[in-house]
Amino acid sequence: MKRARKPEKLACVMPWKAFFMDHFDRDLRVIPCVSDWMSGSFGKLTPESTVEQLWNSQQAQEIRQLLATGQQAQVCSPDCHWLNSGRYGEGNVHMVQGTTAFMENQRINNQEIRERKLVLESRPTLLRLLPTLRCNNRCRMCYQDHNQHVQLPAAFERDVLHLFPYLYDYELQGGEVLIAEDFPKWVNPDLFAVNPQLKFSLITNSTVIPDPAREVLEQIRIRHITISLNAATRSTYQRVSQNDFFDQVLENTVYLRDLGLTHPVARFPIYLSFVIMRSTYHEIPEFVGLANRLQVPFYLVLVVGNRLNESIHTDPETLCHVLEQVNEAEHLTREDSIYEIHRVQMAMKRSLAEWS
């Protein structure tokens, strides 16, 4: 592989730290980032897969090599939230205090980053599992097959459970995870007992929070919970999700917000998420106002692909309209979310420049 000039500091170290699952064209794959921002993967999950095979696969090594040699643009989107924020840049790599095993894994991992190692001895420190694709919504922009059953191989599950002593960030997403039958298994408090630094994150549509899920959420350490709302009004929510759960989602948002403020283990934040697409961008200012009334910060997500003609990138006129709505929302936005506005403004301007 051709080498470019080696960066003094890596703009992103996620391929050395993250082991994330996502769904592509009926396949489960492991990636080092969010699928919206990453074109490559570590490989497909098969019945024979092990964590080690995927963690140090040829594809994983090639992605690390591209980042280590200044060719990040070949696999990373310029709209990547983490890349633009510098959150996972090499300059932010540091040691987090914890158990002996937790700190030793960090020490090895940090050294491997400094040496630009492609095959890693260290274990992942960020884990995202996708235990289900089943969902009670049918969102317009969603590419997942909600009728497809996810069955993680038994050997792979055992491998994953062996990662918990080394993790500091653990996330579940689906489908809709909270209504999955095995949700309690994947958030068993015993998993958190072996590693005091481990915190859980969740992406949910928050339509239903069963009692067993409430019980476990009130026991474990949580980093944050993101609620996919994607609308500011009931009518738009119905059109996007093809369901009428808007009132329930707002009610459950209040429950989760209050749980975050009074959690018996540690406080944590709640975020509302809004996918910006052709049928929803007009509600961005109103969505910001709703987040303000609920007293929660928010994320803005650019729609990926053009399912049901929802892309905002098909013409400069639409991009201009989106930018106008984002600009209008800027003066309504609280400090805890202003970065989201500025990030989308930059993305819209970059897209418009490509049309010039």
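Asker: Would you mind going over the overall build of the protein in detail, with residue names and values included?
Answerer: Helix and strand content of the protein: 13 helices and 9 strands. Since a compact globule built from 356 residues should have a radius of gyration of about 21 Å, the 20 Å found for the protein is in line with a globular shape. Once the C-alpha set of the protein is aligned to its principal axes, its extents read approximately 55 × 50 × 40 Å. Residues classed as buried in the protein amount to 56% of the 356 residues present. Considering only contacts within the protein whose residues lie at least 6 apart along the sequence, 72% involve residues at least 24 apart. Put simply, the protein shows about 15,800 Å² of open surface, and 50% of that area lies on carbon and sulfur atoms. Mean positive and mean negative side-chain charge positions of the protein (37 and 42 charges, respectively) differ by 5 Å.

Asker: Can you explain the packing of aromatic side chains? Please cite residues and give values.
Answerer: Taken as a whole, this structure holds 11 aromatic pairs when the rule is applied. Seen in terms of ring centroids, Phe164 and Tyr170 are 4.9 Å apart; in terms of plane orientation they differ by 80°. Their pairing is edge-to-face. Both residues of the pair, Phe164 and Tyr170, count as buried. Between Tyr170 and Phe200 the ring centres are 5.6 Å apart and the planes differ by 55°, which places this aromatic pair in the tilted class. Of this pair, Tyr170 sits in strand β5 (residues 169-172) while Phe200 is found in strand β6 (residues 199-204), placing the two residues 30 residues apart along the sequence. With relative accessibility at 0%, the residue Tyr170 sits in the buried group. An aromatic cluster of three or more residues is present, and its members are Phe164, Tyr170, Phe183, Phe192 and Phe200. Stacked on the ring of Phe20, the Lys or Arg Arg128 has its end atom at 4.5 Å from the ring centre. Between Arg214 and the ring centre of Tyr255, over which it is positioned, the NZ or CZ distance is 4.2 Å.

Asker: Pulling in residues and values, what's your account of the pairing of β5?
Answerer: Here β5 shows no split at all, with Asp169 and Glu171 on one side and Tyr170 and Leu172 on the other all buried. With helix α5 (residues 154-161) bridging strand β4 (residues 126-129) and its parallel neighbour β5, the resulting β-α-β unit is right-handed. Bridging between β5 and β6 involves 4 bridges; their strand directions are parallel. Note on β6: the bridge partner recorded for Tyr170 is Phe200.

Asker: Break down helix α13 (residues 338-355) for me, with residues and values.
Answerer: For α13, which comprises 18 residues, the first-to-last C-alpha distance of 26 Å matches the rise-based estimate of 26 Å (1.5 Å per residue) to within 8%. Contacts made by the buried residues of α13 are with α3 (81-85), β8 (270-276), β9 (298-302) and α12 (316-330).

Asker: Any chance you could break down the nonpolar core for me, citing the residues and the numbers?
Answerer: Among the nonpolar cores identified, the biggest contains 106 residues, and Tyr170, Leu172, Phe183, Phe200 and Ile276 are the most heavily contacted of them. Excluding its chain neighbours within four sequence positions, the residues that come into contact with Tyr170 are Leu127, Leu129, Phe164, Trp186, Phe192, Leu198, Lys199, Phe200 and Ser201.

Asker: Residues and numbers for the layout of surface pockets, please.
Answerer: What the second largest pocket holds in volume is close to 290 Å³. Lining the second largest pocket are 17 residues, and of these Pro131, Thr132, His149, Glu181 and Asp182 sit closest to its centre.

Reading the values: rules and limits
Residues numbered from 1 in each chain as written. Predicted model: local features only at pLDDT ≥ 70, side-chain atom pairs only at ≥ 80, totals over all residues. Heavy atoms only, no water. Helix = DSSP H or I, 4+ residues; strand = E, 2+ residues; numbered from the N terminus. Rg over C-alpha atoms; globule rule 2.2 N^0.38 Å. Buried < 20%, exposed > 50% of the residue type's maximum accessible area, 1.4 Å probe, protein only. Contact = heavy atoms within 4.5 Å. Areas by Shrake-Rupley, 256 points an atom, 1.4 Å probe, with all protein chains shown as cover. Lys, Arg positive; Asp, Glu negative; His and termini not counted. Charge placed at Lys NZ, Arg CZ, Asp CG, Glu CD. Phe/Tyr/Trp six-rings, centres within 6.5 Å; stacked < 30°, edge-to-face > 60°. Lys NZ or Arg CZ within 6 Å of the ring centre and 35° of its normal. Right-handed = clockwise from strand over helix to strand, strands pointing away. Pairing = 2+ DSSP bridges. Expected span 1.5 Å × (residues − 1). Core = buried A, V, L, I, M, F, W, Y, C linked by side-chain atoms within 4.5 Å. 1 Å grid on protein atoms, 1.4 Å probe; cavity = no way out; pocket = protein on both sides within 12 Å on 5 of 7 lines; lining within 4 Å. Points joined across faces, edges and corners; volume = space filled by probe spheres on them.

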